[in-house]
Amino acid sequence: MLLWTIFALLTAAAALIILLPLMRSRASANMDRAQEVAIYKDQLQELDRDRSRGLIGETEAEAARTEIARRLLAAGTATDDTVPARRSLRLPAAVATVMLVPFAAIGLYLTFGSPDLPDLPLSARLQGQPTDTNVNDMVARVEKHLETNPDDAEGWKVLVPFYMRAGRFDDAASALSKIIALGKATDDDREAYGEALVANNDGIVTKDAQAVLEQVVKADPDRPKARYYYAEGLRQSGDNAGALAQFDELIKRSPADAPWLEVVRGKRKDVLAALKMPADTKEPDTLPPLDPPEATMAPDGKGPTAADMQAAAGMSAQDRGSMIAGMVQQLADRLAANPKDPDGWVKLMRSYMVLNRIDDAKAAYQKARDALKDDAATLQTLDAAAKELGVN
Amino acid sequence: MIIEIGHFSLILALILALVQSVVPVIGAARRDNAMMAVAPAAALGQMLFITISFGALSHAYLTSDFSVLNVFENSHSLKPLLYKFSGLWGNHEGSMLLWVLILAIFGGAVAAFGGNLPKTLKANVLGVQGWVSVAFLLFILLTSNPFLRIADNPPLEGRDLNPVLQDPGLAIHPPLLYLGYVGFSISFAFAIAALLEGRIDAAWARWVRPWALAAWIFLTAGIAMGSYWAYYELGWGGFWFWDPVENASLMPWLAGTALLHSALVMEKRNALKIWTILLAILAFSLSLLGTFLVRSGVLTSVHAFASDPTRGVFILGILCVFIGGGLSLFAWRASTLQQGGLFAPVSRESALVMNNIFLTVSAAVILFGTMAPLLASAMGGAISVGAPYFNTVFGPLFGAMLVIMPFGPLLAWKRGDLRAAAQRLWAVLGLAILASLVSWWLTHGGPVMAMVGIGVAFWVLIGSFAELWTRARFLEVGVATGFRRLSGLPRSVFGTAVGHAGLGLSLLGIVATTSFQSETITEMKPGDTAKVGGYEVTFNGMTNQAGPNYTEMAANMTVRENGVEVFDLKPSKRMFTARQMPTTEAGIKTHGFSQLYITLGDPGQGADSVVVRMWDKPLVTLIWLGALVMMAGGMLSLSDRRLRVGAPKPARLTTAAGSSS
Amino acid sequence: MTRKQRRLVLIGVVGVVLAAAVGLVLFAMSSQITLFRTPTELVQQTIDPSQRIRVGGLVEVGSVVKGQDAAVTFEVTDTANRVPVTYKGILPDLFREGQGVVAEGVLQNGVFMADTVLAKHDERYMPKEVVESLKKQGVWREGEPGGPAPGAAKP
């Protein structure tokens, strides 16, 4: 409400700024020639000074004097060129102003503005929570810890999602390469490594990236993201036939309603064109479609799909924010339906912590404890994880 | 809430600009006082609202409000406060907001201090200002809105922490440059207003010249600052790269310099009116063209921002409307303007015309060189036009202008005596040749072109004061009377001399640095000594230290001259941890007007060894000191009483002018 | 002199300066323009060894070799072909393997002798010519890492 009151005041001020001069009644202008006369007189005096300094010859000065005098005379005797009084446009102008200012301002503002959003200065946001849980501190703490313990693969794993989210792909790649060097990498990590390398090179699949991606695809054929980048790498290195085979394989392994198919088909078309094959070359059959509610999720329910991630990378930050929130929500929904999944709970808590939704993380922890209360061993790991994440 | 108030204020500013661009112009055509009076009110209001808007965005930057997309993308909570603030104009959207803020301030200044302008002229000038404002405010709101928000879960950390841009030089460089660019919008508005009215008052030139002069001073400062920043921050040791961005600032500078000189003729002699109008349009057009060609990412430049097709189209539209419209209006109305005063082929007017020809042709060849890659790529080729082209083409043209420059102030108005001027300059020529011979002897026989360059630099430098010397007549009337005579001269005479001398100084610095600098690239291990110029540089070893957000590897260098230790230098390489981005901090030591400049490269082959690049750059600081001197000349001219005789209150003025002579 | 004669003098002077300028431009354009070439073009075309060239592409991973006294060799690739480059001096801060680079110099006997090496100014910047040539090779995709526009990915 306060905001709209201020808007109203500002709008009124803007309208008044225009209306006041319009409303003040003043005689119609008669052209002010006095200033011009003053300037010509000053020019004459300056001419005399120049003459006395020898800046101009006597005959030339005389000629210039005549020129200026002629203009002076013309200015002095100029007829008052006031236009005969016509019907004043003041009133129409005033009315137009009164209409235009508020309506245009509000109209434009409603198009572009976000009246519901409060200011969110960082310090205030951080004050709302205990400082040791804010992401920067957490990352900084982990980074410090890793400086002295570079062999802690779990530590590096904590950092990766943060780096990816912050767009620090080079950092993500170097963290992942350390995890791989430590021999603690899962296929998830390798896939992420390939992705980080590609992202860090503005979409170019380098040799390193290609090697890792190939390894992932061989180890687990059902990784659409890895396979997509792998195929793309083949395409970029000129192996169009190989790329086509990989794209076809990817299509074959995807449900018919997988969201990434459109992108893959587009790429496949490029490859077909490069191979000089007809664009409608038949593609392999897909898997049967998943049920609608699940279709928005990744086929294995494991996380975002290749296309999701692609979309995320190209999206505006705002969209990306909501997409990430959406994915976390999906995970929460899945856990609500199937709560006996300790890994899922830990993942959810971590997600909430990274998104700085501390209360949600705490609630999730509570729910997880309820769901897993029969299993003492699991409960213990859960507590440990919660402690590590700083949930309680 | 503050953010949204800023956003709303920006919209209100657009609406005020809209009113300002229509109502006063109609009012001027109908001689309606009330409608014309809307112009200053709307201009001041617009300034107020854009200031609020700018303040709101600054607040968001200073408080790291990452719910604002623009702040998230271009700031970081770990940035030092100054760079949080300057980060506002380190990006496309924010810099456009700064652009309109400066535009509005200039508009407000005309509104506030334009009391002595003829009413219709003032209304039309502000009206045209309004058109420019509308175009750019629309551009901001529709394609580059800095107030867009992130609705859900705004991130807790921003993206940008580019260490190269964290530098005080870069914090003030863009505002200065913009003050220059946008300042020319005032002369543009005056030119268009004159064309609209179909007549030019005598007040016109007196009004345009101070604005053009102010814009020129800022632009000079901005260019010099940018050049110095690139010199010490990028670590390449160069002061000018003929990069499109640099050309974009040099072209309006050349056109603006031409405008200053032709406006002088117009103001004093009522000649060159049409040409001055054209230059006023050109100077602003080049400002627009340069800024936006680079902004839109059409040209390759290290300063380019991410390009966006909609922006490109919008920018193209703005360019077409203002440049095309301005020139068409000129073609249509110019013939209605009165003929100006007469002058002989040898006269001060002619000298100023020569200056104008050389300056505009120089600007044209730079424009051609800057656009050539674009033309070539349109025709399917790929070329890049670099320093060799610009040096070959710009050098002789500008050089020729410098050679004739000292003659100008010695020629009388309307009809000058070339022989008399030449006689006065014989002594200057002698001194210049002497200087060039001395430098030849000092450098043990340098290249011929360098001698010529030094000669020209001294010719300009000493020749600038020839007018003062002849006016004072020290030899005939004695020192005391001579100084009394000098003190009687108007300040603009000193302004001319100082301004021209500044150009000579810069030239001297450029010639000395490019011809006589010595450079050494070598790999050094601790204990090694390398020679550069007259110095022996010893590398003592590296120290590692940590800064607030970086770690630093600094080399300890001891510099000796003839075996005597003269000073220490610490060039370093910094690694900014957050971005894993290295920067090179050159070690620079100024001695006299020269500098010793050392940068570090990568580690060399051996243990502890490092690749080092060293320059001894004689007189290099003169390049920028010359620019400062030029600015001082501009300010002297600006303070000349003549430029204030626009007639604040006609009655009072005539008496004041009468009594002062 | 009449007004007309004065105007003729003026036009004459303008003509002379313009002619000189055009002459200079033509001279500079014929001898002092740098051509932009991709590694593939350098491999396929014969190039005059005196012609200044800019070559742009990616620094081949594993190709950077540092020699004595600040000399360095590396290869520039557009993924299809490679050109060896020699350079003496300090490489830019952001020169990295696998990243975009532009080298300026002359091609002699199949080796590119660079006197200037430019790298990305910051990590978001890629020389436009490099982008163009990579696009031609089909390596570059529009936009950021994501590739196609976000809308396209959603069914």
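Residues numbered from 1 in each chain as written. Chains lettered and ligands numbered in written order. Predicted model: local features only at pLDDT ≥ 70, side-chain atom pairs only at ≥ 80, totals over all residues. Heavy atoms only, no water.

Participant: Can you help me understand the overall build of chain B in this one?
Facilitator: Counting its secondary structure elements, chain B contains 21 helices and 11 strands. Here chain B has a C-alpha radius of gyration of 27 Å; the compact-globule value for 661 residues is 26 Å, and the two agree. Its C-alpha atoms give chain B principal-axis dimensions of about 85 × 80 × 55 Å. In chain B, which comprises 661 residues, the share counted as buried stands at 65%. Sequence-distant contacts, at least 24 apart, represent 72% of the contacts inside chain B between residues at least 6 apart. (Helix = DSSP H or I, 4+ residues; strand = E, 2+ residues; numbered from the N terminus. Rg over C-alpha atoms; globule rule 2.2 N^0.38 Å. Buried < 20%, exposed > 50% of the residue type's maximum accessible area, 1.4 Å probe, protein only. Contact = heavy atoms within 4.5 Å.)

Participant: How should I be thinking about the side chain of Ser21 of chain B in this particular structure?
Facilitator: With respect to the helices and strands, the residue Ser21 of chain B is situated in helix α1 (residues 2–30). Contact partners of Ser21 of chain B, with chain neighbours within four places excluded, come to Gly127, Gly130, Trp131 and Val134 of chain B.

Participant: Honestly, the environment of Ile180 of chain A in this entry has me stumped. Any pointers?
Facilitator: For Ile180 of chain A, the position within the fold is in helix α8 (residues 169–181). On a C-alpha basis, the gap between Ile180 of chain A and Glu195 of chain A in space is 14 Å, while along the polypeptide they are 15 residues apart.

Participant: What am I meant to see in the sheet that holds strand β9 (residues 587–591) of chain B here?
Facilitator: Residues and elements named next belong to chain B. Spatial strand order, β2-β11-β10-β9: four strands in an open sheet with antiparallel pairing. Two strands bound the open sheet, and with one partner strand each, they are β2 (518–524) and β9. Recorded for the sheet is a direction-independent mean angle of 15° between the axes of neighbouring strands. As judged from the seven bridges shared by strand β10 (residues 594–603) and strand β11 (residues 610–617), these two strands associate in the antiparallel manner. Paired with Leu596 across the bridge in β11 is Asp616. (Pairing = 2+ DSSP bridges. Axes fitted to C-alpha atoms, helices over the stretch in contact; angles between N-to-C directions.)

Participant: Please explain the packing of aromatic side chains as it appears in this structure.
Facilitator: What characterises a pair of aromatic rings is the spacing of the ring centres plus the angle enclosed by the ring planes. Residues and elements named next belong to chain B. Summed over all chains, the structure comprises 32 aromatic pairs over all chains. Relative to Phe136, the ring of Trp99 lies with its centre 4.4 Å away and its plane at 35°, an arrangement referred to as tilted. Of this pair, Trp99 sits in helix α5 (residues 92–113) while Phe136 sits in helix α6 (residues 119–143), and the two are 37 residues apart along the sequence. Here Trp99 and Phe136 have matching classes, each one buried. Between Trp240 and Trp242 the ring centres are 6.0 Å apart and the planes differ by 90°, which places this aromatic pair in the edge-to-face class. These aromatic residues form a ring-pair network of at least three members: Tyr228, Tyr231, Tyr232, Tyr597, Trp615 and Trp624. (Phe/Tyr/Trp six-rings, centres within 6.5 Å; stacked < 30°, edge-to-face > 60°.)

Participant: Hey, could you run me through the packing of α5 of chain B against α6 of chain B in this one?
Facilitator: Axes are the key here: two packed helices are described by the angle between their axes and the distance separating the axes. Residue and element names in this part refer to chain B. Remark: α5 packs on α6, axes separated minimally by 10 Å, with the N-to-C direction vectors making an angle of 165°. In terms of orientation, α5 and α6 fall into the roughly antiparallel class. The crossing of α5 and α6 is left-handed. The segment α5 lies against α6, with His92, Met96, Leu97, Trp99, Val100, Leu103, Phe106, Gly107, Val110 and Ala111 engaging Lys122, Val125, Leu126, Gln129, Val132, Ser133, Phe136, Leu137, Phe139 and Ile140. Residue classes in the contact of α5 with α6 are distributed as 15 nonpolar, four polar and one charged. (Parallel < 35°, antiparallel > 145°, perpendicular 65-115°, else oblique. Left-handed = near helix turned anticlockwise from the far one by under 90°. Nonpolar A, V, L, I, M, F, W, Y, C, P; charged D, E, K, R; others polar.)

Participant: For this particular structure, what's the right way to read the domain arrangement of chain B?
Facilitator: Frequently, the measure chosen for interface size is the accessible area removed from exposure when the parts meet. Residue and element names in this part refer to chain B. Partitioning chain B into structural domains gives domain 1 (1–156), domain 2 (167–404), domain 3 (414–516) and domain 4 (518–617). On the domain 4 side, the residues contacting the seven residues of domain 2 number nine residues. Linking domain 2 with domain 4 are two residue pairs in polar contact (both at pLDDT 80 or more). Its residues assigned to classes, the side of domain 2 that touches domain 4 comprises four nonpolar, two polar and one charged. (Domains from an automatic or database assignment. Polar contact = N/O pair within 3.5 Å; in protein donor to acceptor, adjacent residues only side chain to side chain.)

Participant: Looking at this model, I keep getting lost on the pattern of salt bridges. Mind explaining?
Facilitator: Any two side chains of opposite charge can pair, so long as their charged atoms come close to each other. Residues and elements named next belong to chain B. Within the structure shown, the criterion is met by 35 salt bridges over all chains. Glu467 is the salt-bridge partner of Arg348, the closest N and O atoms lying 3.7 Å from each other. You can see Arg348 sitting in helix α12 (residues 348–378) and its partner Glu467 sitting in helix α17 (residues 466–472), a full 119 residues away along the chain. Note on accessibility: Arg348 and Glu467 belong to one class, buried. Across the pair Glu467 and Arg471 runs a salt bridge, and its minimum N-O distance is 3.7 Å. Of this pair, Glu467 and Arg471 both sit in helix α17, four residues apart, roughly one helical turn. Summarising the burial analysis for this pair, Glu467 and Arg471 share the class buried. (Salt bridge = Lys/Arg side-chain N within 4 Å of Asp/Glu carboxyl O.)

Participant: Even after reading the chapter, I still don't get the nonpolar core, so can you show me in this structure?
Facilitator: Side chains of nonpolar character tend, in soluble globular proteins, to be buried together. Ranked by internal contacts, the top residues of the largest apolar core, which has 204 residues, are Trp99, Phe190, Trp204 and Ile277 of chain B. When residues in this core are grouped by element, the largest group, 15 residues, is from helix α7 (residues 168–197) of chain B. With near-sequence residues (within four places) excluded, Ile277 of chain B lies in contact with Ala191, Ala194, Leu195, Ile200, Trp204, Phe330 and Leu337 of chain B. Core analysis: the second largest hydrophobic core is formed by 45 residues, Leu176, Tyr193, Ala226 and Leu250 of chain A among them. (Core = buried A, V, L, I, M, F, W, Y, C linked by side-chain atoms within 4.5 Å.)

Participant: What is the right way to look at the side chain of Thr378 of chain A in this model?
Facilitator: Residue and element names in this part refer to chain A. Position of Thr378 among the secondary structure elements: in helix α19 (residues 376–389). Here the side chain of Thr378 touches Asp375 through a polar contact of 2.3 Å, side chain to side chain. Sequence-distant contacts of Thr378, that is, excluding residues within four places in its chain, are made with Pro342 and Leu372.

Participant: Any chance you could explain the pairing of strand β4 (residues 71–77) of chain C here in plain terms?
Facilitator: Looking down a regular strand, the side chains alternate between one sheet face and the other. Residues and elements named next belong to chain C. Sheet topology note: the strand β2 (residues 53–59)/β4 ladder contains two bridges and is antiparallel. Following the sheet pairing, Val59 is matched in β4 by Val76. Sheet topology note: the strand β3 (residues 65–66)/β4 ladder contains two bridges and is antiparallel. Paired with Val65 across the bridge in β4 is Thr73. Joining the antiparallel neighbours β3 and β4 is a turn of four residues, in which Asp69 adopts a positive phi near 50°. Examined bridge by bridge, β4 and strand β5 (residues 82–88) share seven bridges and lie antiparallel to one another. If you follow Val72 over to β5, its bridge partner there is Tyr87. Hairpin connection, β4 to β5: the antiparallel pair is bridged by four residues, and Thr79 has positive phi, about 75°.

Participant: So what exactly am I meant to see when it comes to a nonpolar patch on the surface here?
Facilitator: A contiguous nonpolar surface patch, about 670 Å² in accessible area, is contributed by Leu431, Leu434, Val438, Trp440, Trp441 and Leu442 of chain B. One can find Leu434 of chain B in helix α15 (residues 418–442). (Patch = residues over 30% accessible without salt bridge, like charges linked within 9 Å, V, L, I, M, F, W, Y side chains within 5 Å. Areas by Shrake-Rupley, 256 points an atom, 1.4 Å probe, with all protein chains shown as cover.)

Participant: Would you mind going over the confidence of the model for chain B with me for this structure?
Facilitator: Note: predicted coordinates in regions of low pLDDT should not be interpreted at a detailed level. All names here are of chain B. Predicted confidence across chain B gives a mean pLDDT of 85, with 92% of residues reaching 70 or more. Within chain B, no element has a lower average pLDDT than helix α21 (residues 650–660), which sits at 35, and none a higher one than helix α20 (residues 622–638), at 95. Between residues 301–306, whose pLDDT stays under 50, and residues either more than four places distant or in other chains, the model counts 18 contacts. (pLDDT = per-residue confidence, 0-100.)

Participant: Could you clarify how one ought to interpret the packing of helix α4 (residues 90–112) of chain A against α1 of chain B in this entry?
Facilitator: Here α4 of chain A crosses α1 of chain B at 135°, and the two axes come no closer than 9 Å. Considered as vectors, α4 of chain A and α1 of chain B are oriented oblique to each other. Seen along the crossing, α4 of chain A lies across α1 of chain B with a hand that is right-handed. Here Leu100, Val101, Ala104, Ala105, Ile106, Leu108, Tyr109 and Phe112 of chain A of α4 of chain A lie close against α1 of chain B, whose contacting residues are Glu4, His7, Phe8, Ile11, Leu12, Leu14, Ile15 and Val19 of chain B. Residue composition of the contact of α4 of chain A with α1 of chain B, by class: 14 nonpolar, one polar and one charged.

Participant: Even after reading the chapter, I still don't get the environment of Trp216 of chain B, so can you show me in this structure?
Facilitator: Residues and elements named next belong to chain B. With respect to the element layout, Trp216 can be found in helix α8 (residues 202–233). For the pair formed by Trp216 and Val361, sequence separation is 145 residues and the distance between their alpha carbons is 19 Å. Look past the residues within four positions of Trp216 in its chain and what remains in contact with it is Phe184, Trp253, Gly256, Thr257, Leu260, Met630 and Gly634.

Participant: Explain the pairing of β5 of chain C here, please?
Facilitator: All names here are of chain C. Side-chain alternation along β5 places Val83, Val85 and Tyr87 on a buried face and Arg82, Pro84, Thr86 and Lys88 on a face that remains uncovered. Summarising the sheet, β5 and strand β7 (residues 111–119) pair through three bridges and their orientation is parallel. Considered in β7, the bridge of Tyr87 is made with Ala114.

Participant: Could you clarify how one ought to interpret α1 of chain B in this entry?
Facilitator: Along an α-helix, a turn takes 3.6 residues, which lines up residues three or four apart on a common side. Counted at 1.5 Å a residue, the expected span for α1 of chain B with its 29 residues is 42 Å, and the 41 Å between its end C-alpha atoms agrees. Judged by how many residues are buried, α1 of chain B sits mostly within the fold: 23 of 29 residues are covered. (Expected span 1.5 Å × (residues − 1).)

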